Amino acid sequence: MGRILVFVLCLVGCVFGAELAITSINANQKEIVVKFNRNAKFSDVELFENNGDTYQKIYNIKAKLQTKELDLKESICDFVEVRGVGNRTRIVFVNKDMVELKGYINGRTMRFAKQEAKAKQVVVVVDAGHGGKDGGTVGHGFVEKGITLGVALKVGERLEKLGHKVLYTRTKDKFVTLDERAKFANAKRADLFLSIHVNAVGREERASVVSGVQTYFLSRSDSARSVNAVNLENKDHVSGLNKFTRSNFFSSFNREKILASNKLAIDVQLQILERMAAFREFETVDGGVREGPFFVLAGVNMPAVLIEMGYITHEEEAKFLMNEKYRNFLADGIANGVEQYIKKNM
């Protein structure tokens, strides 16, 4: 009995005293699994991090690499390097999307998995242009205020499905001043502001040739390309602004907000064009990302863009603006653009 006990104790001592070694490393889309020849401890692992333009995490494990079967094709990272040097193993993870990784030790197994950060709930104010006594632009029997409301509600639905909180400046045919829209967004401490509109040209001879989607952001002066849209959207409101509102309008031009709004405009415009490319019935014209001193954008404290979804004065484009499928594609593009901006900047 004594000999058996001594043998067992020696066996246990050999197992627990054996040099730590990695016997296998495998990966799938959810995790990377490292297996040891015996129980490992956190003291066996040294960790280094380097977060520059990409997320990099380095684990130095006090364990000899015994396996040559490294199946890391379906990895959780953009890049994984495993290198054995003597009685140590170095594992390097690189993620371009900056998703953090965590390593967990449980006995003979160490698992590496992404730590998906809880998505921030972004508050987005969706502003349907015009409404009530202010019908907006008119063309080919259609009125702007109904088109903007329909698309605004669709955009809001999509953003809510993405997990964001959506507030509307109007949900029915109601007149709301530019000042009231801005004050509403500021009072709700919104993170982003989207103002949705439809464009028009005044000269009849140009109506059949001018079409396309544009996304605008705030600037001090309107360029030659944006002067028409600026005049249309600021019309009927400028004369009614009081001294305080005018002062707020000019003081709101700060560089940080303008740069953020520019980024948002680029993402929205690109995603609209990408989504509309799938709408075969009509070829959407890229009107570009433009800038101008829109009162509704200047009054808000957060990044803001104004989207001109097309020209109601262009016969074919006007018909499509009233087409349910077309408006669904537009709403998809706008929501996708907002989501892209949020992922990259918030």
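For the structure itself, consult the block above.
The structure displayed is predicted, hence computed values, not measured ones.

A.B. asks: What is the right way to read the overall build of the protein from this model?
C.D. replies: Helix and strand content of the protein: 10 helices and 18 strands. The buried share of the protein, taken over its 346 residues, is 49%. Taking the intrachain contacts of the protein between residues at least 6 apart in sequence as the baseline, contacts between residues at least 24 apart amount to 75%. As displayed, the protein offers around 18300 Å² of accessible surface, 50% of which is attributable to carbon and sulfur atoms.

A.B. asks: Help me out: how do you make sense of the packing of helix α2 (residues 144–161) against helix α10 (residues 324–345) in this one?
C.D. replies: Packed helix pairs are characterised by how far apart their axes lie and by the angle those axes make with each other. At their nearest, the axes of α2 and α10 sit 8 Å apart, and the two run at 50° to each other. The angle between α2 and α10 falls in the class oblique. Seen along the crossing, α2 lies across α10 with a hand that is right-handed. Here Gly146, Ile147, Gly150, Val151, Lys154, Val155, Arg158 and Leu159 of α2 lie close against α10, whose contacting residues are Glu324, Arg327, Asn328, Ala331, Asp332, Ile334, Ala335 and Val338. Residue composition of the contact of α2 with α10, by class: eight nonpolar, three polar and five charged.

A.B. asks: Mind showing me how you'd approach the pairing of strand β8 (residues 88–95) here?
C.D. replies: Regular strands place their side chains on alternate faces of the sheet. Most of β8 sits inside the fold, with six of its eight residues counted as buried. Bridging between strand β4 (residues 55–61) and β8 involves seven bridges; their strand directions are antiparallel. In the sheet register, Lys57 faces β8, and the bridge partner there is Phe93. Alignment of strand β7 (residues 79–85) against β8, held across seven bridges, turns out to be antiparallel. What sits directly across from Gly84, in β8, is Thr89. Here β7 folds back onto β8, and the loop between the two strands holds two residues, one of which, Gly86, carries a positive phi near 65°.

A.B. asks: Quick question: what am I supposed to make of the packing of aromatic side chains here?
C.D. replies: We describe a pair of aromatic rings using the distance from one ring centre to the other and the angle between the two ring planes. Summed over all chains, the structure comprises 10 aromatic pairs. Summarising the aromatic geometry, the rings of Phe279 and Phe329 are spaced 5.4 Å apart at their centres and angled 65° between planes, so their arrangement reads as edge-to-face. Separated by 50 residues along the polypeptide, Phe279 in the loop between α7 (255–276) and β17 (286–292) and Phe329 in helix α10 bring together distant segments of the chain. On the numbers, 5.6 Å between centres and 40° between planes, the contact of Phe320 with Tyr326 is tilted. As far as the burial class goes, Phe320 and Tyr326 line up, both buried. Here a set of aromatic residues connected by ring pairs shows up, and it is made of Phe279, Phe282, Phe320, Tyr326 and Phe329. One cation-aromatic arrangement involves Lys133 over Phe175; the distance from NZ or CZ to the ring centre is 4.7 Å.

A.B. asks: Help me understand unusual backbone geometry, please; the structure alone is not making it clear to me.
C.D. replies: Most of the time, phi is negative for any residue but glycine, and the peptide bond is trans. Even without being a glycine, His130 presents a positive backbone phi close to 65°. By relative accessible area, which is 8% here, His130 ends up buried. Non-glycine residue His140 carries a positive phi angle of around 55°. Assignment of secondary structure puts His140 in the loop between β12 (138–139) and β13 (142–143).

A.B. asks: I'm lost on the side chain of Arg170 in this one. Help?
C.D. replies: Tracing the sequence through the fold places Arg170 in the loop between β14 (165–168) and α3 (178–187). Although Arg170 lies buried, it forms no salt bridge, and the closest oppositely charged side chain, Asp173, sits 4.5 Å away as judged by the N-O distance. Among the polar contacts listed, one links the side chain of Arg170 to the backbone oxygen of Ala128, at a separation of 3.0 Å. At 2.9 Å, the side chain of Arg170 forms a polar contact with the backbone oxygen of Lys172.

A.B. asks: Just checking my understanding: could you explain the nonpolar core for this structure?
C.D. replies: Burial of nonpolar side chains together is a common tendency in soluble globular proteins. Ranked by size, the top nonpolar core spans 44 residues in total, and within it Val126, Val155, Leu159, Leu194, Ile196 and Met309 carry the most contacts. A total of nine residues in this core trace back to one element, the largest contributor, which is α10. With near-sequence residues (within four places) excluded, Leu194 lies in contact with Val124, Val125, Val126, Asp127, Val155, Leu159, Leu264, Val305, Ile334 and Val338. Listed in part, the 24 residues of the second largest apolar core include Ile22, Ile61, Val80 and Phe93.

A.B. asks: Mind showing me how you'd approach the sheet that holds strand β18 (residues 304–311) here?
C.D. replies: For sheets, the rule is that strands pair by backbone hydrogen bonds, running either parallel or antiparallel. Pairing is mixed across the open sheet formed by six strands, whose spatial order is β14-β11-β15-β18-β16-β17. Each edge of the open sheet is held by one strand with a lone partner, namely β14 and β17. Neighbour to neighbour, the strand axes of the sheet diverge by 20° on average, direction disregarded. Judged from the five bridges that link them, strand β11 (residues 123–128) and strand β15 (residues 192–199) form a sheet pairing that is parallel. Considered in β15, the bridge of Val126 is made with Leu194. In the packing of α2 onto the sheet, contacts are made with β11, β14, β15 and β18, and the angle to β15 comes to roughly 145°. This element, α3, spans β11, β14 and β15 of the sheet and lies at about 170° to β11.

About the thresholds
Residues numbered from 1 in each chain as written. Predicted model: local features only at pLDDT ≥ 70, side-chain atom pairs only at ≥ 80, totals over all residues. Heavy atoms only, no water. Helix = DSSP H or I, 4+ residues; strand = E, 2+ residues; numbered from the N terminus. Buried < 20%, exposed > 50% of the residue type's maximum accessible area, 1.4 Å probe, protein only. Contact = heavy atoms within 4.5 Å. Areas by Shrake-Rupley, 256 points an atom, 1.4 Å probe, with all protein chains shown as cover. Axes fitted to C-alpha atoms, helices over the stretch in contact; angles between N-to-C directions. Parallel < 35°, antiparallel > 145°, perpendicular 65-115°, else oblique. Left-handed = near helix turned anticlockwise from the far one by under 90°. Nonpolar A, V, L, I, M, F, W, Y, C, P; charged D, E, K, R; others polar. Pairing = 2+ DSSP bridges. Phe/Tyr/Trp six-rings, centres within 6.5 Å; stacked < 30°, edge-to-face > 60°. Lys NZ or Arg CZ within 6 Å of the ring centre and 35° of its normal. Lys, Arg positive; Asp, Glu negative; His and termini not counted. Salt bridge = Lys/Arg side-chain N within 4 Å of Asp/Glu carboxyl O. Polar contact = N/O pair within 3.5 Å; in protein donor to acceptor, adjacent residues only side chain to side chain. Core = buried A, V, L, I, M, F, W, Y, C linked by side-chain atoms within 4.5 Å.

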